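An overview of the molecular structure
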Amino acid sequence: MTDRNLQRLASLADLKASGPRVVRQDGKQIALFASGDHVLACNNRCPHEGYPLSEGSLSEDCILTCNWHNWKFNLLDGRTLVGGDNLRLYPVELDGDDVLVDLTDPPLDDIISRSLDGLLESFDRHEYDRMARELARIEKAGGDPLDAVRETVIRRYRHLEYGTTHAFAAAPDWLSLIRRRSSPADERLAALLEVIGHIARDSEKEPEYPFTSRSLPWNADDFISAIEAEDEPAAVMLLRGALTAGMEWSDLKPVFYQAALSHYQDFGHALIYAQKAGELIGYLGSALHEPLLLALTRSLVYATREDLIPQFSAYAPALDSWQTGDGKLADDRGFRNGSVPAILKAISGAAVPEDHLWQALFGAACWQMLHFDYARQSRTSGPVAQNVNWLDFTHAITFSHAVRDAGRLEPGNWPAGLLQIGCFLGRNSGHVDAEQDVSQWSVDDPLAFYDDRLAALLDHAQPEYIVSAHLVKLLTAARAETLASPDAPWVGDLAAASNRFLNQPIKRKHVLRTARQAIDFVGREG
């Protein structure tokens, strides 16, 4: 082949006499070995952490061991026998005593394809470092790193038993961090790694949960009814009919929002997931309609129904008695405290413009979060119903953010959305300490604060994806709402609450409380 880059790198006699040799050529560092009848060449850097393979051990059957971490490679075919990444080999020819090595780089498309395959292989053992290396290889080869996200979604969405998770919901917020400004390569990779790693974790070791491949002509009412009946096959068939007919997210968004708000359900996740699915489609393109909307449909089918439990039994009557009007709120502080029924009654009877009511309710949610009784999440006794932490309050913010989007899309969404914010407020009101001094968390410039903290999230150091997902979701929503209403009275409370949240960590494991609640539960069993 005339396009090969065949170069003399050593003499066979010298190689056999001196043992392994390292040659630097054309920006490459190549390890040469002579073993029996074989002359072998490979990348000298172990693909794990870059240690020199020339210092490794080569067996008679050409198995090379990196002595740092025991990774093993078959130099006859390049297979990795112990470890993760594959090792690059270089074809070798002998011309008399000359060792000729072909340094021709493979086509960039081949590099990208192999790196995508390697990325997906890394999911089985959640090889975080390998995910990062494969992403770096894709970008170095000139590929679109978002293709790695697209391929991850396409390959893994069927492995999510209950559909959409926070991995999909946080993805557009991570991507927004690198979309808003021209980000350097390390920041781009960090954000992509957070998205892909979270999807990998949520789908880890899960089998495929297939969706029906059949379809039915799209009918919005039938789709809503199928979700209401928890009939996934029917809902999926209808969705497939919509996609086959060329419908896109902009066409389907009103129906998904209606389904998400049809009940107080899934602790607000249903609407948040719908909002974020649309945003993620915006980043990844229309080819992702099917996987993202199938996952969203499944999550709606399996959504919990909090409006059916006693604590929120006042929700349906409040929705039925909703009053519209153009009045003014005399005092919005009543939304900060009180029981769920009392707050829902006040909301349904307020008879003020819905966007004004949203401002009051969102302000109450910001105030409650700022005044969260932080000691409660560390208690080791008490009933399960009293198990609260920061996320009970951050969800009120991110859900309210989604409600405003739903209300702007379709005014008929306001009553359900606003009352569901009230459900958050009523539940959380019993877990605040209004008398505590929160002045230390005050923020002088909220927008600068959000920009700074969002940038810092690219090195967040959180070991759990679910925690970092809530950090980016809260700060993104808070920034968006502050931009939309920079002079609102709640702007300072929201920034201070966010500052406090970032500096007072979530307690993620409750060993003694879990043990005590288990003993109490078992003691009450019949």
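These numbers come from a predicted model, not from an experiment.

The next thing to look at is the packing of aromatic side chains. Taken as a whole and judged by the stated rule, the model has 21 aromatic pairs. On the basis of an interplanar angle of 70° and a centroid distance of 5.0 Å, the ring pair of Y264 and F312 is categorised as edge-to-face. Here F312 lies in the loop between helix 11 (289-301) and helix 12 (315-320) and Y264 lies in the loop between helix 9 (249-260) and helix 10 (269-284), a separation of 48 residues in the sequence. Relative to W390, the ring of Y374 has its centre 6.2 Å away and its plane inclined at 45°; by these criteria the two rings are tilted. A residue pair is termed long-range when its members are at least 10 positions apart, and Y374 in the loop between helix 14 (354-370) and helix 15 (390-409) and W390 in helix 15 qualify at 16 residues. With relative accessibility at 21%, the residue Y374 sits in the partly exposed group. An aromatic cluster of at least three residues, connected via ring pairs, comprises W218, F223, W249, F256 and Y257.

This brings us to unusual backbone geometry. Not every positive phi belongs to a glycine, and K205 is a case in point at roughly 60°. Counting through the fold element by element, K205 comes out in the loop between helix 6 (185-202) and helix 7 (220-228). In this structure K205 comes out as exposed when scored by relative accessible area, which is 67%. Of note in this structure, D266 is not a glycine but carries a positive phi near 55°. As for its position among the elements, D266 is in the loop between helix 9 and helix 10.

Counted by the stated rule, this structure contains 35 salt bridges. Note that R88 is salt-bridged to D105, the shortest N-O span being 2.9 Å. Residue R88 is located in the loop between strand 8 (80-82) and strand 9 (92-95), and its partner D105 is located in the loop between strand 10 (98-102) and helix 2 (108-121); the two are separated by 17 residues in the primary sequence. The shortest N-O distance in the salt bridge between R150 and D147 comes to 2.7 Å. Within this pair, R150 and its partner D147 are both found in helix 4 (residues 145-156), separated by three residues, close to a single helical turn. In this structure, a network of salt bridges that share partners links the residues D85, E121, R125, E127, R130, R133, E134 and R137.

What counts, and where the lines are drawn
- Residues numbered from 1 in each chain as written.
- Predicted model: local features only at pLDDT ≥ 70, side-chain atom pairs only at ≥ 80, totals over all residues.
- Heavy atoms only, no water.
- Phe/Tyr/Trp six-rings, centres within 6.5 Å; stacked < 30°, edge-to-face > 60°.
- Helix = DSSP H or I, 4+ residues; strand = E, 2+ residues; numbered from the N terminus.
- Buried < 20%, exposed > 50% of the residue type's maximum accessible area, 1.4 Å probe, protein only.
- Salt bridge = Lys/Arg side-chain N within 4 Å of Asp/Glu carboxyl O.

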